[in-house]
Structures are given as structure tokens and as C-alpha cells.
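Take a look at the letters that make up each chain.
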Amino acid sequence: YLLTKENFEQIKARFIPLKQYILSPYIENSISVNTHVFISDKQTVLTPASVQIIELKNDQLCYRGADFFAFDFISIKCKNEVKKLSLKIANLLRSRGYRGIAGIDFIISEQNKVFCAEINPRFQASSILLDFYLSKKSNKKNLAHSVFELNEQAFNNNLKSDISFDDKINYSCYYYYKDEAPQKYLEQKAQCLKREKAIVHL
């Protein structure tokens, strides 16, 4: 939830009694970005980052998709900081015995400060775009061609990939939900996107 003085009591009424909640400051005009790391005993594969598409709906910050192309417009300073922190976090996770894929979310403020927001021990909603990119990136048989293969390799301590943080991934995705718009609207939107040669999954 995005809490304000005006909506606090209304949102408070939705809270479940005796359940714990975390409250953190909201950084206005910020950008949310995400990286994937694959961690084995001695290796880390860090993928390019994507900008997360976040929308406000019913006082909640809702994830709507990922845009790898948009990350190109982030400042070099912030890109380097995201890269440095991602590798630092991966090393910390490794030292704690973590293996496999993890998604790291960052917040970039208007003043170009980078904050780690959370770490997700799972595949991300944007993993499908990475999967698509990996399937087309290399024809070399000995390299991973999917995020699932990379994840398996991480557990087997045999990471084989030529993907890097600096790769350019010109893919983005946006999630539409049936309960938010009439079915006819979604069908028309799908047809429009297909004419632009976008891939549409219904």
C-alpha cells in the first residue's frame, strides 16, 4: 500500500489483526529496477537489468511488467552501482549457502541514489524475457539457453553462459488483467499489438 495522511485510516481497516507489516519510506519520482543473479559455489552470472513497470491501483503499488530497453536510459553511475550491489549481494547470499536464481530489486531516486529494496529467491515475472533472449543469443551447444538451465547449472556448480550485465536486451512486457478492462478492449489491444509484431499471450 502507498500510505498517506489522507488514506491511512482507510487502509488500516484492511490490515489483518496481529499480523506483522513492514513500513518503509516512499521515494517520489523513483525508478524500480530488477536484476537476476545465478549463484553457484564459485561463480555468479549477473544478467542485464530491467526497469519495473509499477502502477498505483486502489492505493497499492502493483507490478505491471518489465522493460529491459528502458534501462539503457539510466545514468552510467546508477548502472554501475546496480551492478556493484548485485554482485555484492550475490557474494553475501553465497556465503550463507544460497544457490540458484535470485531476483534483486532496487530503487533509484531522483538524486541518482541506489537502494536495495528486496531479494526474491525465485524466478521473476521478467524471467520470461530473459528466457526468450537466451534462446536466441547463442548457438553454442555448451552454453545455457534458458533461465531454467542456468538455474540447474548453478546447483550443479557448472554455470555456462555468455550473458552479461552489459548485454542489450530490447524486450519489454506489460501485463493486462481481465478484471480491469472489458474483454473486448483486451481483444482489440491484442490485435493492435500483433500488427506491431509484438508477441501476445492470452
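In short, a report on the structure. (Residues numbered from 1 in each chain as written. Predicted model: local features only at pLDDT ≥ 70, side-chain atom pairs only at ≥ 80, totals over all residues. Heavy atoms only, no water.)

Inspection of helix α3 (residues 127–137) places Ser 127, Leu 129, Leu 130, Tyr 133 and Leu 134 among the buried residues, and these make up the whole buried set. Taken around the axis of α3, the buried residues stretch over an arc of 155 degrees, which confines them to a single face. Of the surrounding secondary structure, the elements contacted by the buried residues of α3 are β1 (31–39), β4 (60–67), β5 (100–108), α4 (147–155) and β7 (172–174). (Buried < 20%, exposed > 50% of the residue type's maximum accessible area, 1.4 Å probe, protein only. Helix = DSSP H or I, 4+ residues; strand = E, 2+ residues; numbered from the N terminus. Arc of directions from axis to C-beta. Contact = heavy atoms within 4.5 Å.)

Looking now at the packing of α3 against α4. Angle between the axes and distance between the axes: these two values describe a pair of packed helices. Here α3 crosses α4 at 95 degrees, and the two axes come no closer than 8 Å. With respect to their mutual orientation, α3 and α4 come out roughly perpendicular. Judged by residue contacts, Ser 127, Leu 130, Asp 131 and Leu 134 of α3 engage Val 147, Phe 148 and Leu 150 from α4. Split by residue class, the contact of α3 with α4 holds 5 nonpolar, 1 polar and 1 charged. (Axes fitted to C-alpha atoms, helices over the stretch in contact; angles between N-to-C directions. Parallel < 35°, antiparallel > 145°, perpendicular 65-115°, else oblique. Nonpolar A, V, L, I, M, F, W, Y, C, P; charged D, E, K, R; others polar.)

So, about the side chain of Ser 126. Among the secondary structure elements, Ser 126 is positioned in the loop between β6 (114–120) and α3. Look past the residues within four positions of Ser 126 in its chain and what remains in contact with it is Asn 34, His 36, Ser 50, Tyr 63, Ala 66 and Phe 68.

This is a description of form; function is not addressed.
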